[in-house]
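Spelled out from the first residue to the last, the chains are:
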Amino acid sequence: MTRRIIKKVAVLGSGVMGSRIACHFAGVGLQVILLDIVPAEAKESDNKQARNKLVNEALQAAVKSNPSPIYHKDVINKITTGNFDDNLEDINGCDWVIEVVVERLDIKQSLFEKVEQYRKPGTLITSNTSGIPIHLLSEGRSEDFKKHFCGTHFFNPPRYLRLLEIIPTPDTDPAVTDFLMHYGDLYLGKTTVLAKDTPAFIANRIGVFGMMSLFGLIEKMDLTIDEVDALTGPLIGRPKSATFRTADVVGIDTLVKVAKGVYDNCPADESRDRFQIPVWLEKLVENNWLGDKTGQGFFKKTKGSGGEKEILTLDLKTLEYKPRVKPKFASVDAAKGVDDLKQRIKMLVSAQDKAGEFFRHFHYGLFSYISHRIPEISDEVYRIDDAMMAGFGWEIGAFESWDVMGVERTTKQMKEAGFTVASWVDEMLEAGFKSFYKIEGGETQYYDQQSKSYKSIPGSKEFIVLSNYSDKVVWKNSSCHVYDIGDDVLGLQWNTKMNSIGGDVLAGVSKAIELAEKNFKGLVIANETANFSVGANVGMIFMFAIEQEYDELDFAIRAFQNAMMRVRYSSVPVVVAPHGMALGGACEMSLHADKCCPAAETYTGLVELGVGLIPGGGGTKEFVLRASAEMHQDEPETITLKNRFLTIATAKVATSAHEAFSLGIYRKGLDEIVMNQNRRVTEAKRSVLEIYESGYVSPVQQKNIKVLGRSALGSLYAGIHGMTQANYATEHDATVARKLAYVMCGGDLSEPTLVNEQYLLDLEREAFLSLCGEKKTLERIQSVLKGGKPVRN
């Protein structure tokens, strides 16, 4: 079979979804053609700009939107705009054509008729429809068109929501389906989920059911919007937007449209009545209270009597907006101190207060519904869980939650409470299978209701989950676990609040390297929670500083520096695989690794200046070292150093792994972006083995780092003074910046000099210690510890 290669993609439709899908394709390196209709007023015009006004304005609006749909500013150069009348023939040179126009069957079919005139045979052709049956879209098309056609349903915003539902028709070539499943995963960074051509597919079917069932539960239990959002957010592993805030963001009209679609098109759904629109919800649509798009929905932003911003909540009984009220539930207050999500869920569901009753009814209804959707919308339980986690941002899937609560016990309680389960669940339990998932040899297996046995999730070997190796723990302490992940490679992860790095973690890093040097080929450092790490434990730093325990503080900083130097100068390769936030000390760890395999969505930077400190774990030293290596004769040496200085001094954070390359955090030609963050550990392990097999030799500490002394120090000081005079920086900002400049210039040297790494580490540590004695620094750290942003002082 001919190998399919995607180089160029045509996106038809430049609305909110189309423009952002185009940006995502361009972001992964593809050439993109973005087309839309010619504005009515320009139909007779020969002016190209006028004829492309709609598509150009849509693209510009997308690029300027927040959160940004692009990984870096150069992405836009890969997108060419045009219109259906003048440029549709250009799709002939594309390898994939995706339709993203308005959700009307007649319009989509008309466009596909035109597409077929120009599309070359064998080209992939897909639709991003969220509700129209896929098989209807290809009616009347050629055999080749139908063979290469299916649904590819992205979720908004496509850069950040990782779900891509692949929906084939009976005519779709299985090879096309397999290709899109693989390509979406490996190259687009998506969790690709194979869905059946049923109303709302998988994620929206389950997600909208969840919302609609909650509307009924609100009336039954006399709950408020504020109470429900407090109970259905991060507390149970759901996004901060919880239920009603999510509805406002998505659009209440969109929610109603999907719910009506399921009600009208799923007559056999046993919970069909749940999709009926409550009178009060119809009233919101009638009032045009649709959420963020109209300025008010379940919430309304306003200004208080003093001019301050205030968010009001809708009272569903009176349809009047009232001040928000913070809910109080004893069980919730107790559970907030439990960091482990699974333990927290079990605790909440067993609570005997009103919140506990809510959680039981909430989960029972969800479990009943998902059990009856097998095999209607999916043959496999893991696809439903994958869809909800990737599309709705759940930390834990529905079937996995059922496992956590105990399938047998919970099923019995559900029946006692009047809820039903599908017969296959009863059969599973009667056959002695007590869970939907189990771990076997580090691999996740799921219960397959068709074969009545456990099966490995296809492709799961490409997704190494460190915690699945709990039977292969080589060493652990109170924060860290070191696992044998096979092929003579170790994996280290830790679990602290926000994955901050303290003494236990530093001990774990050093111990993992020591173990790897003795009996293994290398080490992977990664974490599985929402973020790799927010950096050093500033609480510990604050405690030592406020108590003036400077010897302890000095010891802690040395320990951090020594651990980072162990990462750099280990006798075996050490590869770090960050994702999410990788700030401060976590960024320093990445700087010292033999290689980094960051997820595309990695937000990293040396942010210590924000709390009145400088990078003290080798980060400042490393930026000086890299500046020295980058200095060229064809430009002033101070320019290179100044750029590095400004990156730290302004506490810049890369908004993607791609941007981190331009900030000099990741190294071109060495570090490697992993589009799908679920593949990070696998790619990092592969890198460890490649580096080891190529004849890895431990690096030698550098002794020829060029520092510029007074020749650069004066220039940096002048710039700092200018920033202060222009009120861009406070006096304390200037104090910290001067300390940073002093270290990065190698001190008050009379001329450029070659120094070694330890010399810079000592300067770095001394500056860090001196800043810990600054009152303003302690105020900033205290502000952060209280959950706020650093105060400007």
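Structure: see above.
Residues numbered from 1 in each chain as written. Predicted model: local features only at pLDDT ≥ 70, side-chain atom pairs only at ≥ 80, totals over all residues. Heavy atoms only, no water.

Visitor: Please clarify how the side chain of glutamate 601 should be interpreted in this entry.
Guide: With respect to the secondary-structure elements, glutamate 601 resides in the loop between β21 (595-596) and β22 (602-605). When near neighbours in sequence (up to four residues on either side) are disregarded, glutamate 601 contacts Tyr71, Arg159, Tyr160, His579, Gly580 and Thr655. (Helix = DSSP H or I, 4+ residues; strand = E, 2+ residues; numbered from the N terminus. Contact = heavy atoms within 4.5 Å.)

Visitor: Looking at this structure, I do not really get the pairing of strand β11 (residues 320-323). What am I missing?
Guide: Here is the key point about a regular strand: its side chains alternate between the two faces of the sheet. Pairing of strand β10 (residues 309-315) with β11 involves four bridges; the strand directions are antiparallel. Looking at the pairing, leucine 312 lines up with proline 323 of β11. In this antiparallel pair of consecutive strands, β10 and β11, the connection spans four residues, and leucine 319 shows a positive phi of 55°. (Pairing = 2+ DSSP bridges.)

Visitor: Could you clarify how one ought to interpret helix α12 (residues 252-265) in this entry?
Guide: For an α-helix the count is 3.6 residues per turn, leaving residues at separations of three or four pointing the same way. Its 14 residues place the ends of α12 20 Å apart at the C-alpha level, agreeing with the 20 Å of an ideal helix rising 1.5 Å per residue. Along α12, the residues classified as buried are Ile252, Leu255, Val256, Val258, Ala259 and Val262. Angular distribution of buried residues about the axis of α12 spans 165°; they occupy a single face of the element. The outward face of α12, more than 90 degrees from its buried face, is lined by the exposed residues Lys257, Asp264 and Asn265. Contacts made by the buried residues of α12 are with α9 (203-221), α11 (244-250) and α13 (279-286). (Expected span 1.5 Å × (residues − 1). Buried < 20%, exposed > 50% of the residue type's maximum accessible area, 1.4 Å probe, protein only. Arc of directions from axis to C-beta.)

Visitor: How should I be thinking about the nonpolar core in this particular structure?
Guide: The tendency in soluble globular proteins is for nonpolar side chains to be buried side by side. Counting 112 residues, the largest nonpolar core has Leu12, Phe298, Phe399, Trp402 and Trp424 as its most contacted members. Top element by residues in this core is α9. It accounts for 11 residues. Look past the residues within four positions of leucine 12 in its chain and what remains in contact with it is Leu35, Phe84, Leu88, Ile91, Val97, Ile98, Glu99, Val100, Val101, Leu111 and Val115. Within the second largest apolar cluster, 83 residues are counted, among which are Ile525, Ala586, Tyr666 and Ala734. (Core = buried A, V, L, I, M, F, W, Y, C linked by side-chain atoms within 4.5 Å.)

Visitor: Is there a simple way to explain the sheet that holds β10 in this structure?
Guide: Hydrogen bonding along the main chain pairs the strands of a sheet, whether they run parallel or antiparallel. A sheet is described by the order of its strands in space; here three strands give the open sequence β9-β10-β11, paired in antiparallel fashion. If you trace the sheet from one side to the other, it starts and ends with β9 (299-303) and β11, each paired once. Taking the axes of each pair of neighbouring strands and ignoring which way they run, one obtains an average angle of 45° across the sheet. Direction of pairing for β9 relative to β10: antiparallel, over a ladder of five bridges. Each bridged residue has a counterpart across the sheet, and for threonine 302 the counterpart in β10 is glutamate 310. (Axes fitted to C-alpha atoms, helices over the stretch in contact; angles between N-to-C directions.)

Visitor: In this structure, what is going on with the side chain of histidine 148? I would like to understand it.
Guide: Along the polypeptide, histidine 148 turns up in the loop between α7 (143-147) and β6 (149-154). At a separation of 2.9 Å, a polar atom in the side chain of histidine 148 contacts the main-chain carbonyl oxygen of aspartate 144. Excluding anything up to four places from it in sequence, histidine 148 contacts Arg4, Arg119, Gly122, Thr123, Leu124, Ile125 and Val176. (Polar contact = N/O pair within 3.5 Å; in protein donor to acceptor, adjacent residues only side chain to side chain.)

Visitor: Explain the packing of helix α15 (residues 341-349) against helix α18 (residues 398-405) to me, please; I cannot follow it from the model alone.
Guide: When two helices pack together, their arrangement is given by the angle between their axes and by how far apart the axes lie. Two elements in contact, α15 and α18, have axes whose closest approach is 9 Å; the angle formed by their N-to-C orientations is 70°. Here α18 runs roughly perpendicular to α15, going by the angle between their axes. Judged by the twist between their axes, the crossing of α15 over α18 is right-handed. Residues Lys342, Ile345, Lys346 and Val349 of α15 touch α18, and the partners they reach there are Glu400, Ser401, Val404 and Met405. (Parallel < 35°, antiparallel > 145°, perpendicular 65-115°, else oblique. Left-handed = near helix turned anticlockwise from the far one by under 90°.)

Visitor: Can you help me understand helix α32 (residues 775-785) in this one?
Guide: Residues of α32 that are buried include every one of Thr777, Leu778, Arg780, Ile781 and Ser783, and no others. Its buried side turned inward, α32 meets α22 (538-546), α30 (731-744) and α31 (757-772). Remark: glycine 787 follows α32 within two positions and exhibits a positive phi of approximately 95°.

Visitor: Explain the pattern of salt bridges to me, please; I cannot follow it from the model alone.
Guide: Pairs can form between side chains of opposite charge whenever their charged atoms are close. In total, this model carries 51 salt bridges according to the counting rule given. For lysine 53, the salt bridge identified is with glutamate 57, shortest N-O distance 3.5 Å. Within this pair, lysine 53 and its partner glutamate 57 are both found in helix α3 (residues 53-64), separated by four residues, close to a single helical turn. Residue class for lysine 53 comes out partly exposed when judged on its relative accessible area of 40%. A salt bridge links glutamate 683 to arginine 686; its shortest N-O distance comes to 2.6 Å. Here glutamate 683 pairs with arginine 686, and both are found in helix α28 (residues 680-693), just three residues apart, close to one helical turn. (Salt bridge = Lys/Arg side-chain N within 4 Å of Asp/Glu carboxyl O.)

Visitor: Just checking my understanding: could you explain the environment of proline 375 for this structure?
Guide: Tracing the sequence through the fold places proline 375 in the loop between α16 (354-372) and α17 (381-392). Here proline 375 falls in the partly exposed class, since its relative accessible area comes to 39%. Between the C-alpha atoms of proline 375 and threonine 232, which are 143 residues apart in sequence, the distance is 27 Å. Setting aside residues up to four positions removed in sequence, proline 375 forms contacts with Lys196 and Gln449.

Visitor: What exactly am I supposed to notice about the packing of aromatic side chains here?
Guide: To describe a pair of aromatic rings, one takes the distance between the centres and the angle between the planes. Counted according to the given criterion, the structure contains 34 aromatic pairs. Measuring from centroid to centroid gives 6.2 Å for phenylalanine 215 and phenylalanine 298, while their planes differ by 50°, and the two rings are tilted. Of this pair, phenylalanine 215 sits in helix α9 while phenylalanine 298 sits in the loop between α13 and β9, and the two are 83 residues apart along the sequence. Residue class for phenylalanine 298 comes out buried when judged on its relative accessible area of 0%. Ring centres of phenylalanine 358 and phenylalanine 359 lie 5.6 Å apart, and the angle between their planes is 70°; this geometry places the pair in the edge-to-face category. In this structure an aromatic cluster arises from ring pairing among Phe367, Phe399, Trp402, Trp424, Phe433, Phe436, Tyr447 and Tyr454. One Lys or Arg, arginine 238, reaches over the ring of tryptophan 394 and ends 3.5 Å from the middle of that ring. (Phe/Tyr/Trp six-rings, centres within 6.5 Å; stacked < 30°, edge-to-face > 60°. Lys NZ or Arg CZ within 6 Å of the ring centre and 35° of its normal.)

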